[in-house]
4 protein chains.
Amino acid sequence: MTDSRPLVISCPLPRTLDLIFTPQRLAGLRARYRLVETVDEELAALPPEVLAEARYIIGQPPLSEATLAAMTGLRCIFNVESNLLPNMPYDAAFARGIHVVTTGAVFAEPVAEIGLGFALSLLRNIHGAEADFRAGRELWGGDGNAQARLLTGAEVSIIGFGDLGRALARVLAGFRPRLSIHDPWLPEARIREARARPVDLPTALREAEVVFVTAAVTSENRGFLGAEAFATLRPGAAFILLSRADVVDFDALLEAVASGRIVAATDVWPEEPLPRDHRARALPGLLKSAHRAGALDVAFQRMGEMVLADMDLIDRGLPPNLCKRAERETVARMRSRPVSRN
Amino acid sequence: MTDSRPLVISCPLPRTLDLIFTPQRLAGLRARYRLVETVDEELAALPPEVLAEARYIIGQPPLSEATLAAMTGLRCIFNVESNLLPNMPYDAAFARGIHVVTTGAVFAEPVAEIGLGFALSLLRNIHGAEADFRAGRELWGGDGNAQARLLTGAEVSIIGFGDLGRALARVLAGFRPRLSIHDPWLPEARIREARARPVDLPTALREAEVVFVTAAVTSENRGFLGAEAFATLRPGAAFILLSRADVVDFDALLEAVASGRIVAATDVWPEEPLPRDHRARALPGLLKSAHRAGALDVAFQRMGEMVLADMDLIDRGLPPNLCKRAERETVARMRSRPVSRN
Amino acid sequence: MTDSRPLVISCPLPRTLDLIFTPQRLAGLRARYRLVETVDEELAALPPEVLAEARYIIGQPPLSEATLAAMTGLRCIFNVESNLLPNMPYDAAFARGIHVVTTGAVFAEPVAEIGLGFALSLLRNIHGAEADFRAGRELWGGDGNAQARLLTGAEVSIIGFGDLGRALARVLAGFRPRLSIHDPWLPEARIREARARPVDLPTALREAEVVFVTAAVTSENRGFLGAEAFATLRPGAAFILLSRADVVDFDALLEAVASGRIVAATDVWPEEPLPRDHRARALPGLLKSAHRAGALDVAFQRMGEMVLADMDLIDRGLPPNLCKRAERETVARMRSRPVSRN
Amino acid sequence: MTDSRPLVISCPLPRTLDLIFTPQRLAGLRARYRLVETVDEELAALPPEVLAEARYIIGQPPLSEATLAAMTGLRCIFNVESNLLPNMPYDAAFARGIHVVTTGAVFAEPVAEIGLGFALSLLRNIHGAEADFRAGRELWGGDGNAQARLLTGAEVSIIGFGDLGRALARVLAGFRPRLSIHDPWLPEARIREARARPVDLPTALREAEVVFVTAAVTSENRGFLGAEAFATLRPGAAFILLSRADVVDFDALLEAVASGRIVAATDVWPEEPLPRDHRARALPGLLKSAHRAGALDVAFQRMGEMVLADMDLIDRGLPPNLCKRAERETVARMRSRPVSRN
């Protein structure tokens, strides 16, 4: 008797099935599908009938034209690393109606939460006051609030309005900010729907008391926030970098903070890990986080939930819905480096 | 020619007129009212006609029955320190229809904002990771998130649902918490209106991942959160104290944190300033703030705005609206110590 | 053995205990309190010890100074008709700390809901199109939408921002209106808190596409909306009267509708019931409702819920919270006629 | 000198350019693009170089494989009628990366608004009470509210959660309904994100006090709401049909209303226009609307706004965003009949 369950090829490194599926969901995955577990470099060498039968790939393996052509039953590639790499013939996949989807949306919520935490820490110096208190040099009452500001009703800009930008707007909602959004890939109507003001980049920088940068790195925006940009920020503005270090000129950012004109928080760095003697470590006015904003267990487990739900839709002849589709127009522009650790 | 402007006696210490009125509003106050500036201990010795003519007091001076009786034109006492002290015959004032009001609501927004900042810092260890990064011992990616948790969808309890509790619920809204509220002075319907679940104290403590304490100190609740209460908190719960140290058994709180069962943040202390060698200073798991949550310039300036707006209403024969009225039933139960510094 | 339960005098006409208390709540009331049921005109003749012991009155009976003086244990009068009449010495009650409260807030939700229904019916001619369809003269598709307008994003004014105005703002929220509010009894800050724009009356009238009138009748505002006011409305504006007919010059309203300049809906009338031959009945552009906006069973039953919850608070030495207190300053200005039917 | 502007073929019937573009936007369209205006049946006969150069089609013309193949520069077909017809080789288009998009989202807001208006009219009998008042047989106060119910806090089901369902959820938000949603094309997580409960169809029908049907007609759901479905509705439920008559067994719906078990409103009909003598016209309990819920000028003008914004994105090498893409998986299942009038 043959096994009629759909076949799934799994090569999710650096993720693992145990990281992205709860035990219960992994059992469900194994019950409903034939799972062929492999690694990127061995995929092409799988038996031809396995390649031909595979309905789904969980992972983001390099695929040659020939291998993709051999995968005649393929319907969707679930990229669970979630950065799109130039390692497969996307156009050929799209021409055949094969979806390529990512699960990066799972990071939106944890990153947005810590992003708001960074903002509140900068505006009220929560982390600095704690360190002072520990050291016995705390300032009491209003004496400790010389630079303190409210977030409620503040001018806030978000640069990049994808999943993360939207999650930020959601956690900010209770603060009723005057929200300006810059995203050149979105029509203004989408931004207005979110009850925000669509603005160009200079306006987003010039008017904000708090700036959140959530834009992905593309072939067009590398280092687009440099010394000139930082010079236009309001004195005392809080600049919070949540996406990738490559969108800013990092030295210029450190200069701007060192000058005392702005304060900043960043979760991402030009080198990770950062050298022990890097000047950023001791820089006052810079709140530091070691690329840990998104990497929560619950986020990884959401990946598995999304993959299973979208497999179910595709199995029923419907398009995927929870995962985000790579777009023919933009897939070649993506430049965010993949992660090597979870 | 006589001056027909209403007379205001001003004795706002520890506040000052310059602290609570912007220059523009202070000019408006002086233009519209005859201002007699004095200090608490000299008020009773003011000329009888001044006492008789005074429509408003800005301050919270001790008043004898006789002095109050001499103030035949008095309509409202604006207590801008905002804690109600047993230093005047409230019942006599109320019998005559004299309002006694406080401006403590101005602190709700700044305290709620930093309170949410404390919560996010505790849940994601923002302050600890910053200190580690500075010291060159940061953990990267998921390695740094061993205890990290999301606030979105979390079980959150608020103990005490006055202005501060409401402001907290507002800034929490974007996180869509499962919100439980304990406030024995409020009917359950008020809590349900706020889309929260009214609960008794044991439930508020037992089920929450994050507990915010905003309850004022009264004659009935001194130290009501002690070792037994802390023992019922969920392991890993975040306990955030925003109102007054006297509502908790502070040693028991420190024990609970020292044991590692819970983490905590506090803005208020049994002694302020805290002795240099106090054990709390070096306690891991305790996020410390030196009674600075509310003392923002903008908060003090809101006081003046509220006072002016309510004077305008009373001048027009209407009741005050923005300031909070002392209540005949509860005024005698208040035990929050006044502040001596702003 | 004496009965130590607190004593309640009940004379709620035109309400009845069965109308405002569910059977379960009525049983609770009877279990917890000694209930003396009477009618307004017989209250004064109750035995002196009953008057002396009564802690609460449910009703709004005429009370002489002498009767009130005899009620030495009285703490609160629950006016469940909910209009304040000049039939008792309010000042004497207030001087003694006796609360006089009303339960009119129960009508806010049902009136706001039907008010929004009126607005949508006017903007889209739901009622007129239904009548046309029934008569076989309906217009299909866009042909039937000559005057149709959206509410989303529209300019909306609310005149009077008490419980009803707030309930309206709540049900309107999903439409994201540009909301202007006029209420001379409120400071502007209260209106801004509700994310609306405080405006004077001429602005409220001149700029709105939809005007909701929720203002109570007072000694000062009788007929304050007359021909001049209607002349300033935008052509095609929808005017919705929800409070009392006495705040408008009703003939002028009918003229404005008859002229075709505005459309209107009203739930209240200068005479109720309205004469069979009144010109308003056949007036096109006027959506008519026979003072039924608030009179829902669930609203009346909310009254009992509020009364019980506030009795419980007062029994515990706390002030009432759900019912609305009559104010020393404004009680004498109220002019809304009481209802004679539920 | 050649005209380097991109070429647009326009054949938008039954829409017209004047209907969907404001004069200003039409001028912008003509300035930025070469516009070739034709009608469906003449498109194939356009000069080959016109077909080859056309970047966009505004309309939903029948296209043969050959014609589509001749349109080598085509990037997007803007179907402004907005129902997808089986009149072009969609798979061939998708294989080439040509987008086929619809502008039906413009109707979501106007239909949702009137849908809520229908619900409030049914729950409070606004239309019936108006007709009674006109006829001099109105019932006053509570006498007129025998069947009246509140929407606030009610159990509400939405069947089909596309643009219209989402717009409904938005205008319902202020009523804080207990919202259940049935949509078999959506993963449950999407419904939970909208703070609603995902349910199967029987639950959606059985538990609701108000049911909104917004599901499009597909090859699978024709007549899926029949006598059995209506029999499971709660007595007194309000059933509101907003999408297409074909999803219900219309005779069964009329029976259910005639029996008095439910009330209903419908904007769509099995025959349009409906015969003069159709039994539905005089049926009490049925609120009738002549397929006019969406056909507002502002909705049609939104179409042009969306088309222009998405052309701009595609011109810049980005995917369309505001219009909704036809999906390879579902395009063949769509069965909503196109409209012949606007």
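Being a predicted model, the structure only gives us computed values, none of them experimental.

(A) Up close: helix α8 (residues 163-172) of chain A. When you tally the buried positions in α8 of chain A, you get eight out of ten residues, the bulk of the element. Within α8 of chain A the residues assigned to the buried category are L164, G165, A167, L168, A169, R170, V171 and L172 of chain A. Its buried side turned inward, α8 of chain A meets α6 (108-124), β6 (155-159), β7 (178-182) and β9 (210-213) of chain A together with α9 (163-172) of chain B.

(B) Quick peek at the pairing of strand β1 (residues 7-11) of chain D. Residues and elements named next belong to chain D. Extensive coverage of β1 is indicated by the burial of five of its five residues. Burial along β1 is two-sided: the face carrying L7, I9 and C11 and the face carrying V8 and S10 are both buried. Bridging between β1 and strand β2 (residues 34-37) involves four bridges; their strand directions are parallel. Residue pairing for β2: V8 is matched across the bridge by L35. Bridge analysis of β1 against strand β3 (residues 54-59) gives five bridges, and the strand direction is parallel. Paired with V8 across the two strands is Y56, which belongs to β3.

(C) The packing of helix α7 (residues 108-124) of chain C against helix α9 (residues 163-172) of chain C, seen in detail. Residues and elements named next belong to chain C. Between α7 and α9, whose axes approach to 8 Å, the crossing angle comes to 50°. In terms of axis orientation, α7 runs oblique to α9. The two elements α7 and α9 meet at a crossing, and its hand is right-handed. Taken together, the residues of α9 that come into contact with α7 (itself represented by A108, E109, V111, A112 and L116) are D163, L164, A167, L168, R170, V171 and L172. When grouped by side-chain class, the residues that make up the contact of α7 with α9 number nine nonpolar, no polar and three charged.

(D) Up close: the packing of helix α2 (residues 23-32) of chain A against helix α13 (residues 297-315) of chain A. All names here are of chain A. With their axes 10 Å apart at the nearest point, α2 and α13 run at an angle of 30° to one another. In terms of axis orientation, α2 runs roughly parallel to α13. Relative to α13, the crossing made by α2 is left-handed. Where α2 abuts α13, its residues R25, L29 and R32 lie against Q301, G304, E305, L308, M311, D312 and D315. Class assignment of the residues belonging to the contact of α2 with α13 gives a composition of three nonpolar, two polar and five charged.

(E) Looking closely at the relation of the copies chain C and chain B. Its rotation angle being 180°, the transformation that places chain C on chain B also includes 0.0 Å of axial translation and leaves an RMSD of 0.0 Å. What the rotation and shift describe, once combined, is the action of a two-fold rotation axis. Every residue of chain C has its C-alpha some distance from the rotation axis, and the shortest such distance is that of A95 of chain C, at 2.1 Å.

(F) Representation of the state of the cysteines within the structure. Following the criterion strictly, the structure yields zero disulfides over all chains and no others. With no disulfide partner, C76 of chain A has as its closest neighbouring cysteine sulfur the one in C323 of chain A, 6.8 Å distant. The thiol sulfur of C11 of chain D is not disulfide-bonded, and the nearest other cysteine sulfur, from C76 of chain D, lies at 13 Å.

(G) Molecular detail of the interface of chain C and chain B. In this assembly, 27 residues from chain C lie in contact with 28 residues from chain B. When the two sides are added together, the surface that chain C and chain B hide from each other amounts to roughly 2,200 Å², 47% of it contributed by carbon and sulfur. Linking chain C to chain B there are two salt bridges. E327 of chain B is paired through a salt bridge with R325 of chain C; the nearest N and O atoms lie 2.8 Å apart.

(H) Spatial organisation of the relation of the copies chain C and chain D. The operation relating chain C to chain D is a screw motion whose rotation component is 180°, with 0.0 Å of axial translation and a residual RMSD of 0.0 Å. A shared interface surface links the copies, since 100% of the contact residues of chain C are contact residues in chain D too.

(I) Expanded view of the domain arrangement of chain A. Residues and elements named next belong to chain A. Once the domains are mapped, chain A shows domain 1 (7-103 + 297-333) and domain 2 (108-288). Inter-centroid distance (C-alpha atoms) of domain 1 to domain 2 is 34 Å. Between domain 1 and domain 2, the contact holds five residues from the first and eight residues from the second. In this assembly, domain 1 packs against domain 2 so that about 480 Å² is buried in total across both faces, 46% of it on carbon and sulfur atoms. The largest per-residue losses of area from domain 1 upon contact with domain 2 belong to K324, T330 and R333, which jointly make up 78% of the total buried on that side. The tally of links between domain 1 and domain 2 comes to two salt bridges. Residue K324 pairs with D163 through a salt bridge whose shortest N-O separation is 3.6 Å. Connecting domain 1 to domain 2 are two residue pairs in polar contact (both at pLDDT 80 or more). Among the residues making up the side of domain 1 that touches domain 2, the classes are represented as one nonpolar, two polar and two charged.

(J) Region of interest: the packing of aromatic side chains. Scanning the model with the defined rule gives 32 aromatic pairs over all chains in all. One aromatic cluster in this structure is built from F133 and W140 of chain A together with F250 and W269 of chain B.

(K) Representation of helix α13 (residues 250-258) of chain D in the model. All names here are of chain D. Among all positions in α13, only F250, A252, L253, L254, A256 and V257 are buried. Its buried side turned inward, α13 meets α12 (227-232), β10 (238-241), β11 (263-266) and β12 (286-288). Positive phi appears at G260, one or two residues downstream of α13, with a value of about 85°.

Calculation criteria
Residues numbered from 1 in each chain as written. Chains lettered and ligands numbered in written order. Predicted model: local features only at pLDDT ≥ 70, side-chain atom pairs only at ≥ 80, totals over all residues. Heavy atoms only, no water. Buried < 20%, exposed > 50% of the residue type's maximum accessible area, 1.4 Å probe, protein only. Helix = DSSP H or I, 4+ residues; strand = E, 2+ residues; numbered from the N terminus. Contact = heavy atoms within 4.5 Å. Pairing = 2+ DSSP bridges. Axes fitted to C-alpha atoms, helices over the stretch in contact; angles between N-to-C directions. Parallel < 35°, antiparallel > 145°, perpendicular 65-115°, else oblique. Left-handed = near helix turned anticlockwise from the far one by under 90°. Nonpolar A, V, L, I, M, F, W, Y, C, P; charged D, E, K, R; others polar. Least-squares fit on C-alpha atoms with pLDDT ≥ 70 in both. Disulfide = S-S within 2.5 Å. Buried area = accessible area lost by both parts, 1.4 Å probe. Salt bridge = Lys/Arg side-chain N within 4 Å of Asp/Glu carboxyl O. Domains from an automatic or database assignment. Polar contact = N/O pair within 3.5 Å; in protein donor to acceptor, adjacent residues only side chain to side chain. Phe/Tyr/Trp six-rings, centres within 6.5 Å; stacked < 30°, edge-to-face > 60°.

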